[in-house]
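What the coordinates show
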Amino acid sequence: AKVRGMRRVVCVAEKPSLAHAIARALANDDGGEGDGSLRTRRGGATDVHEFTRPFDGLGACAWRVTSVTGHVMSVEFPERYANWDQCDPGELFAARVVKRADGRVARHLETEAKGCDVLILWLDCDREGENICFEVIEACGRVGKVLRAKFSAVTKDSVERALRTLVEPNINEALAVDARQELDLKMGVAFTRFQTQYFLNKYDRLDARVVSYGPCQTPTLGFCVERHLEIIRHVPEPYWVLDVAISRDDDVDDVVLAWSRSRIFDELAARVFLQLVHDAVRLRVVAIDVKEEKRVRPSGLNTVEMLKTASAGLGMGAHRAMQVAERLYMAGHISYPRTESTAYPRGFELKETLGIQKSHPTYGEFVSRLLEDGAFTAPRRGVDVGDHPPITPMRASTEDQVGGGEAWRLYDFIARHFIASVSPDCEYETQTARFDANGESFSAQGVRVITHGWTEIMPRRMIKDCPLPTCVVPGANVEMKSVRLRSEMTAPPGYLTESELIGIMEKNGIGTDASIPTHINNIQVRKYVDIEKGRRMVPTQLGITLVQGYYAIDAELVLPTVRRHVEQQLDLVAKGEAPYEGVVSHTLAQMFDKFNFFTTNIAAMDALFEASFSHTTTESTPYSKCGRCLRYLKLVGASGRIQRLYCPMEEVVYELPIGGAFKQFNGKTCALCGFELLIFTVKGTGRNFPLCPFCFNHPPYEGSPRVKAMLRGSPHPCTHPVADALAVCPCPECPPDKGSMVMLDPTSGYKLHCSTCDVLMKLPANIRKVSVSEDAECAACQAKCLDLEYFSGDKTLACLACEDELSEGTKLVHSRNTSSDGRGRVRGRGRGGRGGSRGRGDHSGGGASRCAPKLA
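What you are looking at is a predicted structure, and each value in this text was computed from that prediction instead of being measured.

1. Topic: the pairing of strand E5 (residues 73-76)
Only one face of E5 is buried, namely the one carrying Met73 and Val75, since none of Ser74 and Glu76 on the opposite face is buried. As paired strands, E5 and strand E6 (residues 98-101) are joined by four bridges and run antiparallel to one another. Note that in E6 the partner of Glu76 across the bridge is Val98.

Structure below.
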């Protein structure tokens with residue numbers, strides 16, 4: 001029904017405070033097109049503001065301005081999928097999703113919009129706002145014409161400008177949000193339900209009600225864990241720096257020169273340079289290079305830069321900063337705070353926006369000089385992504401007007417940044433003096449400010465005058481006040497700050513300018529990271545375990561590549577270049593395959609959770625040293641059939657061979673990875689082999705045994721340095737193409753074992769000590785020679801395959817039996833035949849050789 005015969009115009013904003021601000025601007029309380037009589041009443045869900053004003057040739061119209069409170073509808077699964085126990089998580093990928101409306105808000109919209117002639121949508125001007133537009137349209141039901149207002153600030157001029165340039169809602173941008181909502185819901189809920197059901201109540205030290213996964217949340221956590229691993233893997237290394245100081249004119253502070261070599265890692269060489277410079281007594285000024293430089297003004301302020309500065313310098317987290325910025329926007333103090341653009345669009349009223357600040361008690365004088373003295377400077381070229389202009393102040397608001405505290409600190413930064421972006425560059429002169437002392441080069445730099453430019457309004461970025469001492473002139477000899485050698489240690493990087501994390505997320509396409517704070521907040525409230533001093537993101541044990549578990553199964557679940565690809569597909573949907581249904585179905589098919597692979601291999605993550613959150617782990621003792629973080633690994637499940645090594649620093653589990661016992665190998669390390677070696681004893685046989693935990697789990701060579709298999713021989717192929725160091729010659733009973741080798745037992749001085757079968761060779765009893773020669777091999781068969789030491793004190797170098805004396809005293813048995821009369825034949829690496837060994841040392845040889853040990 002019409003109100004007194006007038007046409008009806010209904011406006012819907014995204015929040016109640018925004019609706020009130022728009023209504024005040026349109027009602028024209030200060031005289032204008034509106035009747036100035038703004039009436040407010042309580043609606044079914046939010047307030048309704050009513051007034052009269054003309055609209056687009058329709059004459060005087062009855063206006064109603066109301067709002068929603070964010071999304072009107074939520075994307076959910078049907079009821080039958082709500083019960084976790086009655087639905088397999090994998091079914092969710094194919095499940096239908098429904099949009100369920102907030103009944104109270106939907107009824108309110110339907111009531112207020114019923115029979116209206118024009119519906120104007122004043123939702124936020126981003127994809128999320130575009131999606132809410134179509135939710136509002138659906139809730140309002142049958143209405144007349146539907147239009148969309150595009151605005152970047154809640155001021156009278158901005159609102160009136162938006163009313164003159166109304167457009168139609170963009171269905172493609174709305175569909176891109178629908179696609180993201182469906183993908184995130186199905187992927188996140190499926191993985192989260194599976195993980196939570198699998199791990200909940202399984203480990204007594206796991207303090208989490210939900211073990212969640214998120215397509216953006218998990219890569220965000222991954223960045224924090226990656227930095228944590230970089231820190232703990234750092235091995236400090238000593239280095240030395242040569243510090244030479246000269247006196248400053250004021251004689252208060254010394255000028256410490258920069259050494260051209262920066263630092264060196266050899267102490268002896270460093271002391272040589274120290275003596276060389278010390279003997280010079282004076283420094284000769286070789287030259288002074290003078291150069292004019294600029295510190296360029298900042299580009300326009302976008303959301304990411306605002307959040308980074310808020311976290312790094314304003315004492316508030318990204319999530320909190322976004323909330324404060326939205327409040328400032330709703331109150332009309334700043335423009336729309338969600339933008340990716342750093343370039344002001346063509347036609348942007350820069351001088352008018354700057355002129356507003358002339359009356360500000362803090363910035364007014366500086367702004368007046370910019371506008372009146374011709375110092376106003378066109379802003380730098382930035383990036384215009386076509387969404388909103390950079391964030392700018394819309395009023396000359398004082399600390400009291402914005403509410404003080406966090407709101408003032410953020411407004412003050414936004415206002416100063418905008419003023420700086422249209423101010424002249426900072427210009428300064430650098431004087432670089434180059435010195436020489438007995439051939440060693442040093443330098444010192446002085447600075448003279450020509451004009452402070454934009455840094456005057458942002459004093460934290462201001463450059464200070466710091467001239468060179470007056471005694472420093474070309475050709476002068478300057479006395480050294482001190483010369484010393486400073487010893488330092490290399491240090492790892494610090495944990496990621498929240499500001500750094502925001503930058504990394506933006507670079508890798510994780511989240512949007514609006515959602516980045518939410519993802520960071522999620523990993524904090526779910527106890528995956530702790531925020532420590534300086535807003536540094538330190539991952540918790542649960543966060544590290546989760547990320548390492550994903551890496552152990554499918555690294556793409558935590559790497560940013562998958563999400564970046566999804567975002568690229570969603571961009572195509574938003575531009576109308578890809579169909580919504582096709583992108584959703586294709587992406588879900590890919591993620592369903594990953595989900596199935598993940599659930600099939602969940603044991604890899606379970607091993608980590610067991611090692612991290614089981615009481616048995618806390619009771620275990622340090623065992624052997626990790627080659628990556630150089631801390632001790634713990635042996636988990638020492639009394640059980642399946643044993644593992646667990647690194648509590650990196651939250652990594654290393655599987656050990658099944659079917660044997662383990663002990664340490666006297667601190668020996670793997671030449672490939674640096675991990676301390678173990679001795680693996682095959683159960684019930686007494687056969688011992690060296691074992692590298694890392695190489696066993698991540699085989700560097702082909703032919704390695706499967707990790708989960710029952711192992712009866714060497715954990716490594718004989719091409720691996722650990723096995724090759726003990727390998728002597730081919731096994732006499734295994735087929736030549738099998739690659740089996742006879743290996744010296746690392747715990748005994750008289751036994752050798754086949755690397756694959758149960759052949760055991762016992763050397764003569766008069767041999768006291770034996771080792772495999774590192775550089776001698778048999779000239780006849782190319783087998784490695786053995787260094788033998790007898791109880792008599794004699795030493796010799798002999799070939800097991802070719803030396804008759806050694807062969808006659810060697811017994812060949814099978815480790816499953818106490819004796820054997822088998823007739824194996826030891827083969828060399830090459831052709832057989834008579835001959836001695838070749839290589840270092842005094843050795844016996846010559847004479848007839850059977851090329852095989854005689855069996856006793």
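Right, picking up where we left off after that structure.
2. Structural notes on the packing of aromatic side chains
Using the criterion set out here, one finds 27 aromatic pairs in the structure. Aromatic side chains Phe191 and Phe598 sit 5.4 Å apart centroid to centroid with 55 degrees between the ring planes, which places their arrangement in the tilted category. Taken together, the residues Phe191 in helix H5 (residues 171-199) and Phe598 in helix H18 (residues 580-600) connect sequence positions 407 residues apart. By relative accessible area, which is 0% here, Phe191 ends up buried. For the ring pair Tyr344 and Phe418, a centre distance of 6.2 Å and an interplane angle of 75 degrees mean the geometry is edge-to-face. Within this pair, whereas Tyr344 is found in the loop between helix H9 (318-330) and helix H10 (350-355), its partner Phe418 is found in helix H13 (residues 405-421), the two being separated by 74 residues in sequence. Of the two residues, Tyr344 and Phe418, neither departs from the other in class, the shared state being buried. Within the aromatic cluster, the residues linked to one another by ring pairs are Phe93, Phe191, Phe194, Tyr198, Phe199, Tyr213, Tyr550, Phe592, Phe595, Phe598, Phe609 and Phe613.

3. Let's talk about helix H3 (residues 127-140)
For H3, which comprises 14 residues, the first-to-last C-alpha distance of 20 Å matches the rise-based estimate of 20 Å (1.5 Å per residue) to within 8%. Of all the residues in H3, the buried ones are Gly129, Glu130, Asn131, Ile132, Cys133, Glu135, Val136, Ala139 and Cys140. Gly141 lies just past H3 and shows a positive phi near 80 degrees.

4. Details of H13
With 17 residues, H13 extends 25 Å between its outermost C-alpha atoms, agreeing within 8% with the 24 Å of an ideal straight helix rising 1.5 Å per residue. Burial of H13 is extensive: 14 of the 17 residues sit out of reach of the surface.

5. What about the side chain of Glu14?
Looking at the secondary structure, you find Glu14 in the loop between strand E1 (7-13) and helix H1 (16-27). Accessibility expressed as a relative area gives 8% for Glu14, which makes it buried. Of note is the side chain of Glu14, whose polar atom sits 3.0 Å from the backbone nitrogen of Asp124. Glu14 has contacts with Val68, Thr69, Gly70, Trp122, Leu123, Asp124, Gly129 and Ile132, leaving out every residue within four places of it along the chain.

Criteria and cut-off values
Residues numbered from 1 in each chain as written. Predicted model: local features only at pLDDT ≥ 70, side-chain atom pairs only at ≥ 80, totals over all residues. Heavy atoms only, no water. Buried < 20%, exposed > 50% of the residue type's maximum accessible area, 1.4 Å probe, protein only. Helix = DSSP H or I, 4+ residues; strand = E, 2+ residues; numbered from the N terminus. Pairing = 2+ DSSP bridges. Phe/Tyr/Trp six-rings, centres within 6.5 Å; stacked < 30°, edge-to-face > 60°. Expected span 1.5 Å × (residues − 1). Polar contact = N/O pair within 3.5 Å; in protein donor to acceptor, adjacent residues only side chain to side chain. Contact = heavy atoms within 4.5 Å.

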